[in-house]
Amino acid sequence: MKKVGIFSGSFNPVHIGHLVLANWFCEYGDMDEVWFLVTPQNPLKETKDLMDFRLRFEWVKKAIAGYPKFKVSDFESAFPSPSYTVRTLRALRDTFPDCHFHLIVGADNWENMAQWKDAEELLMEFPLRIYPRRGHDLAVPSRLTQVCRVDAPLLEISSSFIREALGQGKDIRFFLPEPVRNEINQLRKMI
């Protein structure tokens, strides 16, 4: 059975931090593949700065092109908004019975897990891989045997940092995959 890491997020926009972490899970972790699951709307986040779903999906698609262990998915776009991770993972499991899905989350999301819909069920049904984030706790109760901390690289890059830097006119060419950077530059010229 194929081990698939589900890296779910807004990817608003996708940046090199996302790619480095996903690459680490494939090459140094135990995942056969990582699927970037672009979510239309995170129920725990504001949507005022959220770029169009199709645009975010296409940027992820371009950013991961050429690396066979990465896939991009718009699976959640078929569900009513907001989408909930537990429902999505169950639907993925039913749709792809040859895959064993593992949810990949940062320590920041781990700290907020109690706010997620049906969090206890999610933690009992699906393995979870938690990567470090500066200033966030990685304590995992021993009863949660499917939850695993990983020693992935600690990266201080976020999509909100990228958006702020772009808004300030900063040259952040090395923070973004080239195809995404080119498209963002084109969009900025049109505004």
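Notes on the structure follow. Here the structure is a predicted model, which means the values were calculated and not measured.

On inspection of all chains with the given rule, the structure shows 13 aromatic pairs. Seen in terms of ring centroids, Trp35 and Phe96 are 5.1 Å apart; in terms of plane orientation they differ by 80 degrees. Their pairing is edge-to-face. With Trp35 in strand β2 (residues 33–38) and Phe96 in the loop between α3 (85–95) and β4 (99–106), this residue pair connects regions lying 61 residues apart in the sequence. Note on Phe96: relative accessible area 29%, which makes it partly exposed. Here the aromatic rings of Phe75 and Phe96 are separated by 6.4 Å at their centres, their planes lie at 50 degrees, and the arrangement is tilted. In this pair, Phe75 sits in the loop between β3 (70–73) and α3 while Phe96 sits in the loop between α3 and β4, placing the two residues 21 residues apart along the sequence. Taken together, Phe7, Phe11, Phe36, Tyr67, Phe70 and Tyr131 form an aromatic cluster joined through their ring pairs. Over the face of the ring belonging to Phe57 we find Arg54, whose NZ or CZ atom lies 5.0 Å from the ring centre. Here Lys117 stacks its cationic end above the ring of Tyr84, 5.7 Å away from the centre of that ring.

Judged by nonpolar contacts, the single largest core of 32 residues is most densely connected at Phe7, Val14, Phe25, Val34, Phe36, Phe70 and Tyr131. Contributions of two or more residues to this core are made by α1 (16–27), β2, α2 (53–64), α6 (159–167) and α7 (178–190). Excluding its chain neighbours within four sequence positions, the residues that come into contact with Phe25 are Asp30, Met31, Val34, Ile104, Arg129, Tyr131 and Val150. With 26 residues, the next largest nonpolar core counts Ala91, Trp116, Leu123 and Phe126 among its residues.

Judged by pairing direction, the sheet is parallel, and its six strands sit side by side in the order β3-β2-β1-β4-β5-β6 without closing on themselves. Each edge of the sheet is formed by a strand with only one pairing partner; in this case those strands are β3 and β6 (147–149). Strand-to-strand twist across the sheet, computed as the mean angle between neighbouring axes with direction ignored, equals 30 degrees. Note that strand β1 (residues 2–9) and β4 share six bridges and pair parallel. Each residue of the ladder has a partner; that of Gly5, found in β4, is His102. Sheet strands touched by α2: β2 and β3. Its angle to β3, the strand with the most contacts, is close to 170 degrees. Where α3 meets the sheet, its contacts fall on β1, β2 and β4, and the angle it forms with β4 comes to roughly 155 degrees.

Reading guide: rules and limits
- Counting starts from 1 at the beginning of each chain's written sequence and moves along it residue by residue.
- Where totals are concerned, whole chains, interfaces and linings use all residues; where local detail is concerned, this predicted model gives features only for residues with pLDDT of at least 70, and gives and counts side-chain atom pairs only at 80 or more.
- With hydrogens and water excluded, all non-hydrogen atoms of the structure serve as input to the side-chain values.
- Note on aromatic contacts: the rings of Phe and Tyr and the six-membered ring of Trp form a pair at centre separations within 6.5 Å, being stacked when their planes are under 30 degrees apart, edge-to-face when over 60 apart, and tilted otherwise.
- Where helices and strands are cited, they refer to DSSP runs of H or I of at least four residues and of E of at least two residues respectively, numbered from the N terminus.
- The cut-offs for exposure are 20% and 50% of the maximum accessible area for each residue type, with area from a 1.4 Å probe on protein chains only; residues under the lower value are buried, those over the upper are exposed, and the others partly exposed.
- A ring has a charge above it when a Lys NZ or an Arg CZ is no more than 6 Å from the ring centre and no more than 35 degrees off the ring normal.
- Think of a nonpolar core as a cluster: buried Ala, Val, Leu, Ile, Met, Phe, Trp, Tyr and Cys residues, connected wherever their side-chain atoms sit within 4.5 Å.
- The contact criterion used throughout is that any non-hydrogen atoms of two residues lie within 4.5 Å.
- Two strands are counted as paired when DSSP detects at least two bridges linking them.
- To obtain an axis, a line is fitted to C-alpha atoms, over the contacting stretch when the element is a helix, and the angle between two such axes runs from 0 to 180 degrees between their N-to-C directions.

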